[in-house]
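One letter stands for each residue in the lines below.
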Amino acid sequence: MASTNQSPAYLKVQGKFLTAQTSEERLNFLEEMIKECPKHKSSENMLANLTTRYKKLKEKITKAKKSGKTSKVGIKKYDLQAVITGFSNTGKSSLMSVLTNASPKISDYKFTTTKPIIGMMNYSGTLIQIIENPAIESEFYDKGLTNTADTILILVDNLEQIKQIEKQIPKFPQKKIILFNKKDKLTEEKIRKLHATLQSKKYNFVLISTKTQENIGDLKDKLFSSFNKIRVYTKEPGKEKSQKPIILNQNSTIKDVAEKILHGFSEKIKETKLWGPSSKFSAQKVGLKHKLKDLDVVEFKTR
Ligand SMILES: Nc1nc2c(ncn2[C@@H]2O[C@H](COP(=O)(O)OP(=O)(O)O)[C@@H](O)[C@H]2O)c(=O)[nH]1
Ligand SMILES: [Mg+2]
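Sequence order as written defines residue numbering, which begins from 1 separately in each chain. Labels follow written order: the first chain is A, the first ligand is 1, and so on. Thresholds applied to this predicted model are a pLDDT of at least 70 for local features of residues and 80 or more for the giving and counting of side-chain atom pairs; totals over whole chains, interfaces and linings are not thresholded and use all residues. The side-chain values count all of the structure's non-hydrogen atoms but skip hydrogen atoms and water molecules.

**Quick look at helix α9 (residues 216-226)**
(1) Moving on: Along α9, the residues that are buried comprise Ile216, Leu219, Leu223, Phe224 and Ser226. For α9, the buried positions fall inside an angular range of 155 degrees around the axis, keeping them on one side.
(2) Moving on: Secondary structure elements follow DSSP: runs of H or I of four or more residues count as helices, runs of E of two or more count as strands, with numbering from the N terminus. One or two steps after α9, the chain reaches Asn228, where phi turns positive at roughly 55 degrees. Relative accessibility under 20% of the residue-type maximum defines a buried residue, over 50% an exposed one, and the middle range a partly exposed one, all with a 1.4 Å probe and only protein chains included. This arc is taken over the directions from the axis of the helix to the C-beta atoms.

**Some remarks on the sheet that holds strand β5 (residues 175-180)**
(1) Moving on: Should DSSP find at least two bridges between two strands, the strands are taken to pair. A sheet is described by the order of its strands in space; here six strands give the open sequence β2-β3-β1-β4-β5-β6, paired in mixed fashion. In this open sheet, the two strands that pair with only one neighbour each are β2 (117-123) and β6 (205-207). Each neighbouring strand pair of the sheet contributes to a mean axis angle of 25 degrees, computed without reference to strand direction.
(2) Moving on: Here, two residues are considered to be in contact whenever any of their heavy atoms come within 4.5 Å of each other. Under this scheme, a helix contributes an axis fitted over its contacting stretch, all axes are lines through C-alpha atoms, and angles between N-to-C directions fall in the 0 to 180 degree range. Packed onto the sheet, helix α7 (residues 160-168) meets β1 (81-86), β4 (151-156) and β5 and runs at close to 145 degrees relative to β4.

**Topic: the site of ligand 1**
(1) Moving on: For this purpose, a residue is taken to be near a molecule or strand whenever a single non-hydrogen atom of the residue falls within 4 Å of it. Every one of the 19 residues lining ligand 1 counts as a neighbour, but Lys92, Ser94, Asp108, Asp184 and Thr210 are closest to it.
(2) Moving on: For every accessible area listed, the method is Shrake-Rupley and the probe measures 1.4 Å; residues are considered covered only by the protein chains on display. Burial of ligand 1 by the protein amounts to 86% of the accessible area it has alone, namely 580 Å².
(3) Moving on: Of all the elements, helix α5 (residues 92-99) adds the most residues to the shell around ligand 1, at three residues.
(4) Moving on: Ten residue types, Ala, Val, Leu, Ile, Met, Phe, Trp, Tyr, Cys and Pro, are classed as nonpolar, four, Asp, Glu, Lys and Arg, as charged, and the remainder, Gly among them, as polar. Partitioned by chemical class, the residues of the shell around ligand 1 number two nonpolar, ten polar and seven charged.

**Re the domain arrangement of the protein chain**
(1) Moving on: The start and end points of each domain follow an automatic or database-based domain assignment. The domains assigned to the protein chain are domain 1 (8-67), domain 2 (71-226) and domain 3 (229-302).
(2) Moving on: Put simply, the middle of domain 2 and the middle of domain 3, counted by C-alpha atoms, are 34 Å apart.
(3) Moving on: At the interface, six residues of domain 2 touch eight residues of domain 3.
(4) Moving on: At the boundary of domain 2 with domain 3, total buried surface from both sides reaches about 580 Å², with 56% on carbon and sulfur atoms.
(5) Moving on: Salt bridges are defined by distance alone: a side-chain nitrogen of Lys or Arg within 4 Å of a carboxyl oxygen of Asp or Glu. There are zero salt bridges connecting domain 2 and domain 3.
(6) Moving on: Under this definition, polar contacts are N or O atom pairs within 3.5 Å; protein pairs additionally need one hydrogen-donor-capable and one acceptor-capable atom, and for neighbouring residues in sequence, both atoms have to be side-chain atoms. Connecting domain 2 to domain 3 are one residue pair in polar contact (both at pLDDT 80 or more).
(7) Moving on: Of the residues assigned to the side of domain 2 that touches domain 3, the class counts are three nonpolar, three polar and no charged. Simply put, the buried area is the total loss of 1.4 Å probe accessible area from both parts when two parts are fitted together.

**Quick word on unusual backbone geometry**
(1) Moving on: A positive phi is found at Asn228, a non-glycine position, where the angle reads about 55 degrees.
(2) Moving on: Summarising the element assignment, Asn228 is placed in the loop between α9 and β7 (229-235).
(3) Moving on: Positive phi is not limited to glycine here, since Asn251 has a value of about 70 degrees.
(4) Moving on: Looking at the secondary structure, you find Asn251 in the loop between β8 (246-249) and α10 (254-262).
(5) Moving on: The exposed category is assigned to Asn251, whose relative accessible area is 53%.

**With respect to the packing of aromatic side chains**
(1) Moving on: Aromatic pairs are defined between Phe, Tyr and Trp rings, using the six-membered ring for Trp, whenever the two ring centres lie within 6.5 Å; interplanar angles under 30 degrees are classed as stacked, those over 60 as edge-to-face, and all others as tilted. This model, assessed by the stated rule, comprises one aromatic pair.
(2) Moving on: Summarising the aromatic geometry, the rings of Tyr123 and Phe224 are spaced 5.1 Å apart at their centres and angled 20 degrees between planes, so their arrangement reads as stacked. Separated by 101 residues along the polypeptide, Tyr123 in strand β2 and Phe224 in helix α9 bring together distant segments of the chain. In terms of burial, Tyr123 and Phe224 fall into one category: buried.
(3) Moving on: When the ring centre of Phe224 is taken as reference, the NZ or CZ atom of Arg231 above it lies at 4.7 Å.
(4) Moving on: Placement of a charge over a ring requires the Lys NZ or Arg CZ to be within 6 Å of the ring centre, with the centre-to-atom vector within 35 degrees of the ring normal. The ring of Tyr233 has Lys241 lying over it, and the distance from NZ or CZ to the ring centre is 4.0 Å.

**A look at the pattern of salt bridges**
Side chains that carry opposite charge are capable of pairing whenever their charged atoms lie near each other.
(1) Moving on: Summed over all chains, the structure comprises twelve salt bridges.
(2) Moving on: For Lys183, the salt bridge identified is with Glu214, shortest N-O distance 2.7 Å. Here Lys183 is found in the loop between β5 and α8 (188-200), whereas its partner Glu214 is found in the loop between β6 and α9, with 31 residues between them in sequence.
(3) Moving on: Since its relative accessible area comes to 12%, Lys183 is described here as buried.

**A word on the sheet that holds β8**
(1) Moving on: Across the sheet, which stays open at both edges, the five strands sit in the order β8-β7-β11-β9-β10 with mixed pairing between neighbours. Two strands lie at the open edges of the sheet, namely β8 and β10 (284-285), each paired on one side alone.
(2) Moving on: Relative to β8, β7 runs antiparallel, the two being bridged by four bridges. Paired with Arg231 across the two strands is Ile247, which belongs to β8.
(3) Moving on: Packed on one face of the sheet, α10 meets β7, β8, β9 (269-275) and β11 (296-302) and runs near 65 degrees to β11.

Here it is in structure tokens:
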């Protein structure tokens, strides 16, 4: 596009257009560019060009909304949801395929991922929904998706990116975990320094490699604990504990478990035995008010 003799006001809006994050923002800036474009003969072509782009972008947005392909209408949010947010080529798709059942395209090209990718991570029986948001610097990035996640996984491969991403996401209320990827490419010295820097900034962080899968286990633990939930197994007398834990809020009590599995019949309980982190000893008898911890096992004897 020729940008001869453009006013400072026009150039300013053009700058905003070029760095806009979403199609909607781009549309707004295009509209402003049309307003700021001189309306005389020599600018005719340029004005026509801007108007066409405006119409096309508007069509695209409307279509996307109708087809339900935008995440706002397309993604069912699960109880525990994390969104991977980061720049292009930092390894978001690679991380998706390491953590979940999804297998997105992985490549050196920028902006390979143009739509959010959804996958489920199985954390010892607990399902966590993980979504890859397209690159934050692309027009495919979905701001709303990151903003409504329970936990934001900020994926970076250099320190500069952290500040740039922080500027574009809410300060509160979500949990944020910084994932510094491509650890395999770094020297021991560099890793030590990175650790010190991230620690001094009090970040919740993990240095990972999706290639060697180093520290992926740590990442999973950190992710689960970011939700402030606990896993509690139940068992019947004389049997093994349940395969799948039930998920409760932190500080839940025996009564909460009972209500959940006996559907409001907690008064039927004759005796409760407890194993695990919150018990003083195996098969400890506890009351309904006892507070549970992650990985406890509870056994009810009913009347
Ligand atoms: N050395 C190394 N390369 C990685 C790692 N993770 C991803 N990559 C490479 O980085 C490039 C971009 O990866 P991709 O997952 O497509 O990034 P995305 O654009 O953020 O989704 C690919 O060439 C990957 O093979 C890693 O842990 N170590
Ligand atoms: Mg990708």
